[in-house]
Amino acid sequence: MKMLHCLVAGLIVAVAGSGCSAKSRAEKLAAEAAAHLNAGQYDAAITAYQKALQTDPSQAAALNARLARAFEARAFAHVKTNGTDAAIADFSAASKCYG
């Protein structure tokens, strides 16, 4: 019985301590996005930055600038592969991030 109480107490502490603030979750998503961007995984980077913005809108200024860079990087990749329409769409999306 004592072991059960210890187990339950340990689970309560683990659950209580696992709560993350929206800011820290957004920072984690932004770090993931940066890693994707550095790896040339532009779609994944854009998705992660967008999730970070949804998680913590108070970080919008910094996150929008990073999101814009992801759109710009993907646009340049489209330019290299003659994806003109896609490049224009991404440059347009980037400019809206700077709003």
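Residues numbered from 1 in each chain as written. Predicted model: local features only at pLDDT ≥ 70, side-chain atom pairs only at ≥ 80, totals over all residues. Heavy atoms only, no water.

With that out of the way, let us pick up the packing of helix H2 (residues 22-38) against helix H3 (residues 42-55). Direction vectors running N to C along H2 and H3 enclose 170°, while the axes themselves pass 8 Å from each other. What the angle tells us is that H2 and H3 run roughly antiparallel. Residues Ala22, Arg25, Ala26, Leu29, Ala30, Ala33, Ala34, His36 and Leu37 of H2 form the contact with H3, whose participating residues are Tyr42, Ala44, Ala45, Ala48, Tyr49, Lys51, Ala52 and Thr55. Looking at side-chain class alone, the contact of H2 with H3 contains 13 nonpolar, 2 polar and 2 charged residues. (Axes fitted to C-alpha atoms, helices over the stretch in contact; angles between N-to-C directions. Helix = DSSP H or I, 4+ residues; strand = E, 2+ residues; numbered from the N terminus. Parallel < 35°, antiparallel > 145°, perpendicular 65-115°, else oblique. Contact = heavy atoms within 4.5 Å. Nonpolar A, V, L, I, M, F, W, Y, C, P; charged D, E, K, R; others polar.)

Once that is clear, we can look at the packing of aromatic side chains. For the structure on display, the rule yields 1 aromatic pair. For the pair Phe76 and Phe91, a centre-to-centre distance of 5.2 Å together with 85° between the ring planes defines the contact as edge-to-face. A residue pair is termed long-range when its members are at least 10 positions apart, and Phe76 in helix H4 (residues 60-80) and Phe91 in helix H5 (residues 84-98) qualify at 15 residues. Assessed through its relative accessible area of 49%, Phe76 is described here as partly exposed. For Phe91, a relative accessible area of 31% corresponds to the partly exposed category. (Phe/Tyr/Trp six-rings, centres within 6.5 Å; stacked < 30°, edge-to-face > 60°. Buried < 20%, exposed > 50% of the residue type's maximum accessible area, 1.4 Å probe, protein only.)

Let's shift gears to the environment of Phe71. Of note, Phe71 is situated in helix H4. Expressed as a C-alpha distance, the spacing of Phe71 and Ser92, which sit 21 residues apart in the sequence, is 8.8 Å.

Turning our eyes to something else, we now look at the confidence of the model for the protein chain. Taken as a whole, the protein chain shows an average pLDDT of 83; of its residues, 81% reach a score of 70 or greater. Note on residues 1-18: pLDDT is under 50 here. Beyond four places in sequence and across chains, it has 0 contacts. (pLDDT = per-residue confidence, 0-100.)

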